[in-house]
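# Tertiary structure, described
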Amino acid sequence: MANNTAKPIIEEKPHPMEDLLRMDRMPHIWCSGCGLGSAVTTFVEGLKKAGVSYDKTAIVSGIGCTGRVAGYLRLDSYHTTHGRAIPFATGLKLANRELTVVVFSGDGDLFAIGGNHLIHAARRNVDINVICVNNFIYGMTGGQNAPTTPLGAYSSTAPYGNYEMPFNLVGLAAAAGASYVARWTTMHARRLTDSIAKAANKKGFCFIEIVSPCATVFARKNKGGSGLDLLKEFQTRAIIDHEADPTQIPLSMDNEIVCGEFVNKDKPTFWENVQTGIKAKLEKFSNWEELQSNSTKIPHKKSVTYTSSRDTYNSRSNT
Amino acid sequence: MFQESRLHGEFFMQGDIACAEGALAAGCRFFGGYPITPASEIAERMAMRLPLLNGVFIQYEDEIASMAGILGASWAGVKSMTATSGPGISLMNENIGLGMMMEAPCVVINVQRGSPSTGLPTTWGQSDMMQARWGSHGDYGSISLVPNSPQEFFDLTVTAFNFAEKYRLPVFILADALVGHMTEKVVIPPVEELTIINRKYTTKKPGEYLAYDYGKDLVPDFAKAGDGYRYHTTGLTHDRRGYPDMTVECQEELVPRLVNKIKNNINDISLTEEYDIEGADVIVISYGITSRTVLPSITAAKEKGIKVGYLRLKTVWPFPEEKIRKLSGNVAGFVVPEMNLGQISLEVERCACNNSKVKLVPHPGGGIHKFEDVLKAIEEVAHGK
Ligand SMILES: Cc1ncc(C[n+]2csc(CCOP(=O)(O)OP(=O)(O)O)c2C)c(N)n1
Ligand code: SF4
């Protein structure tokens, strides 16, 4: 007979990350051996360490295995369309500047279909953090080529080996103007936690690349073994060099995975620049009609008026 | 003070500018867009005005980003808008679908040009009427308003925001380059005199709130980012918690609701204007700028003794099916002049369903209908040809 007062053999304790994970959505859909579990754990640790308010933190993802991250985190979370997490997050952040806004998505999502948005958000220095899980392949759609797939690596759409030059993500983000740029692998749990915490409290566009094993498709196509084998490989190939020039450290099938914090600068954010620009003008004028009449008084070199003559109007080559 | 500089009074104003002012009056405080003729003046006006009202203007890198951006701003609880023309809408369509699925209130202005493709940038057309209804993949309810003057561009922009907030979806305005670029008298009432509707915020506590729970009106209560609700929302088929659920049952509950929350409220949403409908033999159905250019032909037909009625659609989607079905029993036929090769006339035909004749007077855009063509069509229908 069971003794109700006896202590159970295994004591039920709350999950240590319960405050930030949606336990009612577990188990998650990721494969065993996938790096995404560690990436999320590290992210949760990073947020805790940053001490930000969870109520005021929003997470935005695009599409793909990594895109599912938003759904598992107990924050205001948005699972958007493929590649469009960054502009969505930009709108969210600019409309409520109190929020800490994090984009968490895959390399295909952020650099293929979303590549244009990434470089422009970095150029504008919008105050959001972008965490990119780079598994060198499209996981969710079944192992097709990604813009990060190393030269020679196999994928479902590169059956003879990839012949396209891959992007170097940290180089691209840095060159486009990011305020903070770092690269770690899922193995660098402590350093990655620190980077995530730092980015959460840093203003401007922060970019963190997490090199992560895709145990299922990338490993299978490239004889990489299990998730654990891939981690071991990262361990032998990874080096840390904070001084490295981010544009000079591309990744290939077998070179060093140069990790570190490559960029960490303070520069005005998009919103700060907007404020400065407007303030300067507003000090000069007392109301907007005055401001507007002043701006229309600036003489145009060639003034074009909307007349009934189609030719005149069409001479503006608007397309 | 700049903050109080909302316009009111009488103005000689361009349609696009009136649209921007309508948005500001409705409470829009976020504009994300990308330049394109003939919609650029809306962005330019917003760039000038929004900062003075503590709002945000951003010129994104493209229309795809613009649409995604206004959805983000909407989730922050801020009324948001974008404005573009045909090719831009084509790019926005994926995220318009996301807005429909996530039920994010916002307004999308399409100042139409002649199309397809880049078509006629500086002249007009009504070529995107069907695209507004079926542009994004899948089924969803949709609201599209069509102004025929700068004044109405102002008024309907306010209405568009009200519908967006009330029914939680991206609402379209299908203007055209003529309405957008013409300058006419626009009367802007003081802001207190406008009817402004705001979305229904939840009164529940964070632990009790489900992002997609709904009552009889089928419209879920809203919670904005940063208020501690920590909800999830996705473009995937989702349950009442907002969690992805790939079952037929879930799809069966969600998608018809997105359609029905609009369909059930057609009496509230459908705005029309009509003259001399009673006892008419022929009814001319038109919308947008065409409703003005065809008036002389209607007058001429009347002078010839033909009993012509006139029905103008200010709301094109949802289509006023019932109204047209009922009218179709009493008239010889409908004449539908439009600046495309027959988009809305197809809808009229569907509703008239062989009860009465439907005669399209097409125009590919770039010009306006010929007086004689419309008159001839009215005469033909009146004489049973
Ligand atoms: C517009 C559009 N095109 C294509 C897809 C299909 N799709 C889903 S996930 C994905 C690739 C995602 O790759 P990545 O960002 O590397 O994510 P991973 O699954 O590897 O984490 C693609 C192409 C889509 N959802 N939307
Ligand atoms: S397919 Fe690859 S990236 Fe996706 S869950 Fe599986 S291991 Fe992870």
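## Examining the overall build of chain B
Counting its regular elements, chain B contains 14 helices and 16 strands. Radius of gyration (C-alpha) of chain B: 21 Å, near the 21 Å computed for a compact globule of 385 residues. At a minimum sequence separation of 6, the contacts of chain B that also span at least 24 residues come to 76%. Carbon and sulfur atoms make up 52% of the accessible area of chain B, which amounts to about 13700 Å² in all. The positive charge centre, built from 37 side chains, and the negative charge centre, built from 46, are 3 Å apart in chain B.

## Observations concerning the site of ligand 1
Neighbouring ligand 1 are 17 residues; Cys65(A), Thr66(A), Asp109(A), Asn135(A) and Gly139(A) lie closest to it. Neighbouring residues of ligand 1 are not confined to a single chain but are spread across chains A and B. Take Thr66(A): an N or O atom from its side chain is 2.6 Å from an oxygen atom of ligand 1. Residue Gly139(A) places a main-chain N or O atom 2.8 Å away from an oxygen atom belonging to ligand 1. Expressed as a share of its isolated accessible area of 590 Å², the protein-covered part of ligand 1 is 76%.

## Topic: the layout of surface pockets
Residues and elements named next belong to chain B. Put simply, the largest pocket is a space of about 560 Å³. What lines the largest pocket is a set of 22 residues, among which Lys263, Ile266, Pro318, Phe319 and Glu321 lie closest to the centre. Contributing elements (two or more residues each) for the lining of the largest pocket: helix H5 (129-134), helix H8 (248-263), helix H9 (266-269), helix H12 (321-328) and helix H13 (344-352). Looking at the lining of the largest pocket, the element that brings in the most residues is H12, giving five residues. Tallied by class, the residues present in the lining of the largest pocket amount to eight nonpolar, five polar and nine charged.

## Let's talk about the pattern of salt bridges
Residues and elements named next belong to chain B. Per the counting criterion, the structure on display carries 38 salt bridges over all chains. With a shortest N-O distance of 3.0 Å, Asp227 and Lys224 are connected by a salt bridge. The closest approach of N and O atoms between Lys304 and Glu379, which form a salt bridge, is 2.8 Å. Here Lys304, found in the loop between helix H11 (295-303) and strand E13 (308-313), pairs with Glu379, found in helix H14 (residues 371-382); they are 75 residues apart in sequence, far enough to count as distant. Linked by salt bridges that have partners in common, Glu321, Glu322, Arg325, Glu347 and Arg350 make up one network.

## So, the interface of chain A and chain B
Chain A puts 53 residues into the contact, and the matching count from chain B is 56 residues. The junction of chain A with chain B conceals about 4500 Å² of combined surface from both sides, 60% of it contributed by carbon and sulfur atoms. Linking chain A with chain B are four salt bridges. Among the salt bridges present, the one from Arg241(B) reaches Asp24(A), with a minimum N-O distance of 3.9 Å. For the interface between chain A and chain B, the tally reads 23 residue pairs in polar contact (both at pLDDT 80 or more). Elements that contribute at least two residues to the side of chain A that touches chain B include exactly helix H2 (69-72), strand E2 (76-79), helix H3 (85-95), helix H5 (115-124), helix H10 (270-284), helix H11 (288-297) and helix H12 (310-314) of chain A. Looking at the side of chain A that touches chain B element by element, the count peaks at seven residues for H3(A). Taken together, the residues of the side of chain A that touches chain B break down into 20 nonpolar, 19 polar and 14 charged.

## Observations concerning the environment of Ser291(B)
Residues and elements named next belong to chain B. Structurally, Ser291 can be placed in helix H10 (residues 290-293). Here the alpha-carbon distance between Ser291 and Gln126, two residues 165 residues apart in the chain, equals 12 Å. There is a polar contact of 3.0 Å between the side chain of Ser291 and the side chain of Asn148.

## A short note on the packing of helix H1 (residues 15-26) of chain B against helix H6 (residues 150-167) of chain B
All names here are of chain B. Contact geometry of H1 with H6 gives a least axis separation of 7 Å together with a crossing angle of 30°. The angle between H1 and H6 falls in the class roughly parallel. Seen from above, H1 lies across H6 with right-handed handedness. In contact with Gly15, Asp16, Ala18, Cys19, Glu21, Gly22, Ala23, Ala25 and Ala26 of H1, H6 contributes Pro150, Phe153, Phe154, Thr157, Val158 and Phe161. Of the residues contributing to the contact of H1 with H6, the split by class is 10 nonpolar, three polar and two charged.

## Regarding the packing of aromatic side chains
A full pass over the atoms with the stated rule returns 16 aromatic pairs over all chains. Among the aromatic residues, those joined into a ring-pair cluster are Tyr78(A), Phe88(A), Trp75(B), Tyr201(B), Phe222(B) and Tyr231(B). Across from the ring centre of Trp134(B), 4.1 Å away, lies the NZ or CZ of Arg133(B), which sits over that ring. Stacked on the ring of Tyr214(B), the Lys or Arg Arg240(B) has its end atom at 4.2 Å from the ring centre.

## Points about the nonpolar core
In terms of nonpolar packing, the biggest core is built from 146 residues, with Phe207(A) and Met81(B) touching the most fellow members. If one sorts the elements of this core by residue count, H6(B) sits on top with nine residues. Counting residues in each nonpolar core, the second largest holds 47 residues, with Val44(A), Val102(A), Val133(A) and Ile196(A) among its members.

## Digging into helix H3 (residues 63-75) of chain B
Residues and elements named next belong to chain B. Taking 1.5 Å per residue as the helical rise, H3 with its 13 residues ought to reach 18 Å, and the 19 Å between its terminal C-alpha atoms agrees with that figure. Among the 13 residues that make up H3, 13 are buried, leaving the element largely enclosed by the rest of the structure. A positive backbone phi angle near 90° is found at Gly77, which sits one or two residues after H3.

## Re the site of ligand 2
Around ligand 2, the structure places Trp30(A), Cys31(A), Cys34(A), Cys65(A), Asn135(A), Cys214(A), Ala215(A) and Thr216(A). By residue class, the composition of the shell around ligand 2 is six nonpolar, two polar and no charged.

## Topic: unusual backbone geometry
Across the junction of Thr37(B) and Pro38(B), the peptide omega takes the value 5°, indicating a cis bond. As for its placement among the helices and strands, Pro38(B) is situated in the loop between strand E2 (30-33) and helix H2 (40-49). Geometrically, the link from Trp317(B) to Pro318(B) is a cis peptide bond, its omega value of 0° lying close to zero. Locating Pro318(B) in the fold gives a position in the loop between strand E14 (315-317) and H12. Even without being a glycine, Lys223(A) presents a positive backbone phi close to 50°. Looking at the secondary structure, you find Lys223(A) in the loop between helix H8 (217-221) and helix H9 (227-237). For Lys223(A), a relative accessible area of 81% puts it in the exposed group. Here Ser117(B), not a glycine, exhibits a phi torsion of approximately 55°, which is positive. Within the secondary structure layout, Ser117(B) lies in the loop between strand E5 (106-114) and strand E6 (120-124).

Criteria and thresholds
Residues numbered from 1 in each chain as written. Chains lettered and ligands numbered in written order. Predicted model: local features only at pLDDT ≥ 70, side-chain atom pairs only at ≥ 80, totals over all residues. Heavy atoms only, no water. Helix = DSSP H or I, 4+ residues; strand = E, 2+ residues; numbered from the N terminus. Rg over C-alpha atoms; globule rule 2.2 N^0.38 Å. Contact = heavy atoms within 4.5 Å. Areas by Shrake-Rupley, 256 points an atom, 1.4 Å probe, with all protein chains shown as cover. Lys, Arg positive; Asp, Glu negative; His and termini not counted. Charge placed at Lys NZ, Arg CZ, Asp CG, Glu CD. Near = heavy atom within 4 Å. Polar contact = N/O pair within 3.5 Å; in protein donor to acceptor, adjacent residues only side chain to side chain. 1 Å grid on protein atoms, 1.4 Å probe; cavity = no way out; pocket = protein on both sides within 12 Å on 5 of 7 lines; lining within 4 Å. Points joined across faces, edges and corners; volume = space filled by probe spheres on them. Nonpolar A, V, L, I, M, F, W, Y, C, P; charged D, E, K, R; others polar. Salt bridge = Lys/Arg side-chain N within 4 Å of Asp/Glu carboxyl O. Buried area = accessible area lost by both parts, 1.4 Å probe. Axes fitted to C-alpha atoms, helices over the stretch in contact; angles between N-to-C directions. Parallel < 35°, antiparallel > 145°, perpendicular 65-115°, else oblique. Left-handed = near helix turned anticlockwise from the far one by under 90°. Phe/Tyr/Trp six-rings, centres within 6.5 Å; stacked < 30°, edge-to-face > 60°. Lys NZ or Arg CZ within 6 Å of the ring centre and 35° of its normal. Core = buried A, V, L, I, M, F, W, Y, C linked by side-chain atoms within 4.5 Å. Buried < 20%, exposed > 50% of the residue type's maximum accessible area, 1.4 Å probe, protein only. Expected span 1.5 Å × (residues − 1).

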